[in-house]
Every structure is written in C-alpha cells, then in structure tokens.
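For reference, the chains in residue letters:
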Amino acid sequence: MLLKHLCFVNIAIARLSAWECPMSMELMVKAMKTKVGNPLRKLVLLKLADNANDQGECWPSYNYIAEQCEMSRRSVMDHVKNLNCRVFTS
C-alpha cells in the first residue's frame, strides 16, 4: 500500500534540478516547525517531507517509512492517519 502525496497548503516549492534527490528543503523546514504532538509522528512527517518531490508529492510505502524511522509498520500507519486528520497529507 502506498502513502498518498504530502501536501502543505500555500507553500511555494523550489524547483529541483533533475540530478538532485527528490527532497524539498522548504517542506523539511515547514515540517520541523510544525507541532504534531508526538516526537515519533514528527519523525514520520519529516521522512515524508524528505521523500517529497518539488510538487510536494511522495509515495513511499509504509514498510519503507517504518524501516527508515525504525518503528513498526502499524505505528507508521497510525501516525499517517493522525497526520491525515490534521490535513498535512491527502
């Protein structure tokens, strides 16, 4: 199962060169400044932002995020669900 795209409203995303990794520094900064109420949820949000392209979209699997964040797939799913409720992802 794939996560839906990461999208922050009213954020101008910098264009990345084709040779650069699909990471938006603006999304990373926005994620760092965002209060989400839980440090592991913040880590998931940061990892999603780290995987976002210049349009703010990313499609990593729950398993990939779980592996990268060193947590269970179920925990990632719960944190993404909570972030969806906060309108950070859609």
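Here the structure is a predicted model, which is why all the values come from computation and not from measurement.

Asker: Before we move on, can you summarise the overall build of the protein with the specific residues and values?
Answerer: Within the protein, the secondary structure is distributed over four helices and zero strands. For the protein, the residues scored as buried account for 39% of the 90 residues in total. Long-range contacts, defined here as pairs at least 24 residues apart, represent 59% of the contacts in the protein between residues at least 6 apart. As displayed, the protein offers around 5600 Å² of accessible surface, 57% of which is attributable to carbon and sulfur atoms.

Asker: How would you summarise the pattern of salt bridges if you had to cite specific residues and measurements?
Answerer: On inspection of all chains with the given rule, the structure shows two salt bridges. Measuring nitrogen to oxygen at the nearest pair gives 2.9 Å for the salt bridge that ties Lys47 to Asp50. In this pair, Lys47 and Asp50 both sit in helix 2 (residues 39-51), three residues apart, roughly one turn of the helix. For Lys47, a relative accessible area of 14% puts it in the buried group.

Asker: Mind laying out helix 4 (residues 73-85), listing which residues take part and the relevant values?
Answerer: In this model helix 4 runs 19 Å from its N-terminal to its C-terminal C-alpha over 13 residues, within 8% of the 18 Å that 1.5 Å per residue would give. Considered for burial, the residues of helix 4 that qualify are Val76, Met77, His79, Val80 and Leu83. For helix 4, the angular spread of buried residues about the axis comes to 165°, placing them on one side. More than 90 degrees from the buried face of helix 4, the exposed residues found are Lys81 and Cys85. The secondary structure elements touched by the buried residues of helix 4 are helix 2 and helix 3 (62-69).

Asker: Account for the confidence of the model for the protein, naming residues and giving values.
Answerer: Do not read the fine detail of predicted coordinates wherever pLDDT is low. On average, residues of the protein carry a pLDDT of 76, and 70% of them reach 70 or more. The secondary structure element of the protein with the lowest average pLDDT is helix 1 (residues 25-33), at 89, and the one with the highest is helix 3, at 96. Low pLDDT (under 50) marks residues 1-20, which in the prediction has 57 contacts with non-local residues, meaning those over four places away or in another chain.

Asker: Tell me about the nonpolar core, residues and numbers included.
Answerer: Counting residues in hydrophobic clusters, the biggest one holds 20 residues, and the most contacted among them are Val44, Leu48, Ile65, Val76, Val80 and Leu83. At the level of secondary structure, the elements contributing two or more residues to this core comprise helix 1, helix 2, helix 3 and helix 4.

Rules and cut-offs
Residues numbered from 1 in each chain as written. Predicted model: local features only at pLDDT ≥ 70, side-chain atom pairs only at ≥ 80, totals over all residues. Heavy atoms only, no water. Helix = DSSP H or I, 4+ residues; strand = E, 2+ residues; numbered from the N terminus. Buried < 20%, exposed > 50% of the residue type's maximum accessible area, 1.4 Å probe, protein only. Contact = heavy atoms within 4.5 Å. Areas by Shrake-Rupley, 256 points an atom, 1.4 Å probe, with all protein chains shown as cover. Salt bridge = Lys/Arg side-chain N within 4 Å of Asp/Glu carboxyl O. Expected span 1.5 Å × (residues − 1). Arc of directions from axis to C-beta. pLDDT = per-residue confidence, 0-100. Core = buried A, V, L, I, M, F, W, Y, C linked by side-chain atoms within 4.5 Å.

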